[in-house]
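Observations on the model geometry
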Amino acid sequence: MPRGPALWLAVALLGAAAGPVSAELRARALPVRYDLTAEPGRAVQREITISNQGDAAVVVQPRWSDMTVDTAGRIGLLPPGTLPVSLASVASVEPAQFSLQPGEEGRVLVTLTLPADGPPTLWGVLLNEVRPAVVPAVTLGPLVVGQLGTTFYLSRIPRERIQPELTGLSGAPLAGDSICIRASVRNAGERHFHVGGRVSLADSAGRAVLTGELPTGVVLPGQTRHLTWTGGAGPPPGRYLLTATLDSGEPELIVGETWMDWHGGTPSAPGPRTAGAPAPPGRR
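Residues numbered from 1 in each chain as written. Predicted model: local features only at pLDDT ≥ 70, side-chain atom pairs only at ≥ 80, totals over all residues. Heavy atoms only, no water.

Turning to the sheet that holds strand β6 (residues 91-94), a few remarks are in order. Taken together, the four strands give an open sheet; going across it, the order is β1-β3-β8-β6, and neighbouring strands pair in antiparallel fashion. The strands lining the two open edges of the sheet, one partner per strand, are β1 (27-30) and β6. Ignoring strand direction, the axes of neighbouring strands in this sheet form an average angle of 20°. With four bridges connecting them, β6 and strand β8 (residues 105-112) associate as antiparallel partners. Bridging from a neighbouring strand, A91 pairs with L112 of β8. (Pairing = 2+ DSSP bridges. Helix = DSSP H or I, 4+ residues; strand = E, 2+ residues; numbered from the N terminus. Axes fitted to C-alpha atoms, helices over the stretch in contact; angles between N-to-C directions.)

Below, the structure written as structure tokens:
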């Protein structure tokens, strides 16, 4: 069960942490994500812990939201039931609403039952709306209301059957002499996966001149995700071997390589290849 950072009250979901909105209204939800495998027709249950860390009582009301993720990792929230992969029709939540005193914790019980037909993987966000239990008679400005999100992924496809593919690897100049490296990962399977890793540039003698960490992100079934790393300054002009080493949770890492000519901020790169083979980067 991923724990991850707490989600403070703010519209900053899915693992991002933000500072408290006010001294009176502050809360968090754990965990921030559930990654579940289920047999069709067999219910699975998980709990979310909501902590009131403010100095006033709050009311918590859970509700589902459908979720989209674009190629850059930007998240979109839609009304429940909008997407065919929605969890709204296969999930129940208890209680529907509850109150928490300062320093108190409450638990939300989520029950999910995956159907035997339809998409093999479903996903969505359970938003726990938190608002003051008592609204002052006189208020200055809008009422503070926060939403704490926990993402759920539910699949009947085993984890070992994910199908990540590294489909692109390139470097490009940014302002000045900065460099941006992008690795494109496609999900050719029916189950989601999370992927992250490292990139490096090495000169013709094999010496590393730049290294960086790629962010970890989800790649949904049938979709592509672009993972990018930005360096403060590119290398001196020359020819470099660009390597991406990605971890998708499989026993073996995914490695892709391509030679890149860097002309002091104006690179040109041929088609990427996997290590030891003149073909596009892929699994190793």
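Think of a sheet as strands paired side by side through backbone hydrogen bonds, with each pair either parallel or antiparallel. One open sheet accounts for three strands, arranged β11-β12-β15; its pairing is antiparallel. With partners counted over all chains shown, the strands left at the sheet margins are β11 (164-173) and β15 (224-231), one partner each. When strand polarity is set aside, the average angle formed by the axes of neighbouring strands in this sheet is 15°. Pairing of β11 with strand β12 (residues 179-187), which is carried by nine bridges, proceeds in the antiparallel orientation. Bridge assignment links A172 to a residue of β12, and that residue is C180.

Our focus in this paragraph is the pairing of strand β13 (residues 193-202). Regular strands have side chains that alternate between both faces of the sheet. The element β13 is extensively covered by neighbouring structure, given that eight of its ten residues are classed as buried. As judged from the nine bridges shared by β13 and strand β14 (residues 208-219), these two strands associate in the antiparallel manner. Each bridged residue has a counterpart across the sheet, and for S200 the counterpart in β14 is T211. Two successive antiparallel strands, β13 and β14, enclose a turn made up of five residues, where G206 displays a positive phi of approximately 90°. The pairing of β13 with strand β16 (residues 238-247) spans seven bridges and is classified as antiparallel. Along β16, the bridge assignment pairs V199 with A244. (Buried < 20%, exposed > 50% of the residue type's maximum accessible area, 1.4 Å probe, protein only.)

To continue, consider the confidence of the model for the protein. Confidence in the prediction for the protein averages 85 pLDDT; 81% of positions are at 70 or higher. Residue range residues 1-23 is modelled with pLDDT below 50. Its contacts to residues more than four positions away, or to other chains, number 64 contacts. (pLDDT = per-residue confidence, 0-100. Contact = heavy atoms within 4.5 Å.)

Here the structure, examined in full by the defined rule, presents one cavity of 30 Å³ or more. Size it by volume and the largest cavity reaches roughly 40 Å³. For the largest cavity, the full set of lining residues is V69, D70, T71, V218, V219, L220, Q223, T224 and R225. Those elements giving two or more residues to the lining of the largest cavity turn out to be β14 and β15. Tallied by class, the residues present in the lining of the largest cavity amount to four nonpolar, three polar and two charged. (1 Å grid on protein atoms, 1.4 Å probe; cavity = no way out; pocket = protein on both sides within 12 Å on 5 of 7 lines; lining within 4 Å. Points joined across faces, edges and corners; volume = space filled by probe spheres on them. Nonpolar A, V, L, I, M, F, W, Y, C, P; charged D, E, K, R; others polar.)

A word on the side chain of T150. Locating T150 in the fold gives a position in strand β10 (residues 146-155). Judged by relative accessible area, which is 0%, T150 ranks as buried. From its side chain, T150 meets the backbone oxygen of P31 in a polar contact 2.8 Å long. In contact with T150, other than residues within four places in its own chain, are A29, P31, V32, R33, Y34, I48, G124, V125 and L126. (Polar contact = N/O pair within 3.5 Å; in protein donor to acceptor, adjacent residues only side chain to side chain.)

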